[in-house]
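One-letter residues, chain by chain:
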Amino acid sequence: MEVDAIYNLACPASPIHYQRHPVQTIKTSVVGAVNMLGLAKRLNIPILQASTSEVYGDPKVSPQSEDYWGNVNPIGIRACYDEGKRAAETLFFDYRRKHDVNTGVFRIFNTYGPRMAKNDGRVVSNFIVAALADAPLTIHGTGWQTRSFCYVDDLVDGIIKFANSKEIGPINLGNPGEFTVDELATIIIQKVNKGYKEYVERTVDDPRQRKPDIGLAKQKLLWEPKTDLS
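Reading guide: rules and limits
- Residues numbered from 1 in each chain as written.
- Predicted model: local features only at pLDDT ≥ 70, side-chain atom pairs only at ≥ 80, totals over all residues.
- Heavy atoms only, no water.
- Helix = DSSP H or I, 4+ residues; strand = E, 2+ residues; numbered from the N terminus.
- Expected span 1.5 Å × (residues − 1).
- Buried < 20%, exposed > 50% of the residue type's maximum accessible area, 1.4 Å probe, protein only.
- Contact = heavy atoms within 4.5 Å.
- Pairing = 2+ DSSP bridges.
- Axes fitted to C-alpha atoms, helices over the stretch in contact; angles between N-to-C directions.
- Salt bridge = Lys/Arg side-chain N within 4 Å of Asp/Glu carboxyl O.
- Disulfide = S-S within 2.5 Å.
- Polar contact = N/O pair within 3.5 Å; in protein donor to acceptor, adjacent residues only side chain to side chain.

## Remarks on helix α3 (residues 79–99)
Phase 1 of the analysis: Taking 1.5 Å of rise per residue, 21 residues should cover 30 Å, and α3 covers 28 Å from first to last C-alpha, within 8% of that figure.
Phase 2 of the analysis: For α3, the full list of buried residues reads Ala79, Cys80, Tyr81, Asp82, Gly84, Lys85, Ala88, Glu89, Leu91, Phe92, Phe93 and Tyr95.
Phase 3 of the analysis: Among the structural elements, α1 (15–20), α2 (22–43), β2 (47–52) and β3 (103–108) are those in contact with the buried residues of α3.
Phase 4 of the analysis: Phi turns positive one or two residues past the end of α3, at aspartate 100, with a value near 60 degrees.

## Brief notes about the pairing of strand β5 (residues 136–140)
Regular strands place their side chains on alternate faces of the sheet.
Phase 1 of the analysis: Because side chains alternate across β5, one face comprises the buried residues Leu137 and Ile139, and the other comprises Pro136, Thr138 and His140, none of which is buried.
Phase 2 of the analysis: Note: β5 against strand β10 (residues 196–200), five bridges, orientation parallel. Within β10, the residue paired with proline 136 across the bridge is tyrosine 196.

## Observations regarding the sheet that holds β3
Phase 1 of the analysis: Spatial ordering of the open sheet is given by β1-β2-β3-β8, a layout of four strands whose pairing is parallel. Strands with a single pairing partner mark the edges of an open sheet, and in this sheet they are β1 (6–8) and β8 (171–173). Taken over all neighbouring pairs, the strand axes of this sheet differ in orientation by 25 degrees on average, direction set aside.
Phase 2 of the analysis: Where β1 and β2 come together, three bridges link them in parallel fashion. Note that in β2 the partner of isoleucine 6 across the bridge is isoleucine 47.
Phase 3 of the analysis: Sheet strands in contact with α2 are β1, β2 and β3, and its direction is about 170 degrees off that of β1.
Phase 4 of the analysis: The strands touched by α3 within the sheet are β2 and β3, with β2 carrying the most contacts at an inclination of about 150 degrees.

## Some points on the pattern of salt bridges
Phase 1 of the analysis: In this structure the tally under the stated criterion is 14 salt bridges.
Phase 2 of the analysis: Between arginine 86 and glutamate 83 there is a salt bridge; the shortest N-O distance is 3.1 Å. Highlighted residues: arginine 86 and glutamate 83, both in helix α3, separated by three residues, approximately one helical turn.
Phase 3 of the analysis: With relative accessibility at 28%, the residue arginine 86 sits in the partly exposed group.
Phase 4 of the analysis: Under the relative-accessibility criterion, glutamate 83 is labelled partly exposed at 22%.
Phase 5 of the analysis: Residue arginine 97 pairs with aspartate 94 through a salt bridge whose shortest N-O separation is 2.8 Å. With arginine 97 and aspartate 94 both in helix α3 and three residues apart, the pair spans about one turn of that helix.
Phase 6 of the analysis: Here arginine 97 falls in the exposed class, since its relative accessible area comes to 60%.
Phase 7 of the analysis: Relative accessible area serves as the criterion here: at 35%, aspartate 94 is assigned to the partly exposed category.

## A word on the state of the cysteines
Phase 1 of the analysis: Tallying each qualifying case throughout the model produces zero disulfides.
Phase 2 of the analysis: Left unpaired, cysteine 80 is separated from the closest cysteine sulfur, that of cysteine 11, by 7.9 Å.
Phase 3 of the analysis: Here cysteine 150 stays free of any disulfide, with the sulfur of cysteine 11 as its closest cysteine sulfur at 19 Å.

## With respect to the side chain of asparagine 8
Phase 1 of the analysis: Tracing the sequence through the fold places asparagine 8 in strand β1.
Phase 2 of the analysis: Take asparagine 8: its relative accessible area is 8%, and that puts it in the buried class.
Phase 3 of the analysis: Within polar-contact distance, the side chain of asparagine 8 engages the side chain of glutamine 49 at 2.8 Å.

Rendered as structure tokens:
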């Protein structure tokens, strides 16, 4: 394969999908990263890694900035994704240091937008599909856990700005607007005018708080999201 640059976004990112295929997920993140880094080294081209806010795990600080090392359970049901992405970041920085590969790492926070699959398994699509069917919007735990939702057009703009910069990262790309899952459910029920909330047991290792510090992206990339959640 002869290409000018590589954007490595390969990996199932929804918990229901990566927990169904945990071994394949971590192999995609680690072995896949090695394969792509080897190609970038051979062709002497830049390569960007789509990392994730999940490298911060269930954080003990908020908002999460790039210098926070995270709080990840290495043997939990989310570890195949969380640790796979963390190991991929390690590989990217080691290939830069050892082989002088032109690498960059950006960390994606929760993203949504058109053409998400109905069975995607993420909270935005789950809630909208349930509300349209006038079915329960399933909330795990109390619903007080928070998320920050970035519209896909804003994210793509940030990725392109990062690719065109001299920055190597890691750098957070996300919307710092913070909402509880319960608030998200309320917004969707009001907009669709159907559906209702149903509370079930909290899932294992579900992060209690997720909010990006995008100060670095603002300063280095002159980027911030423009689309608010509503």
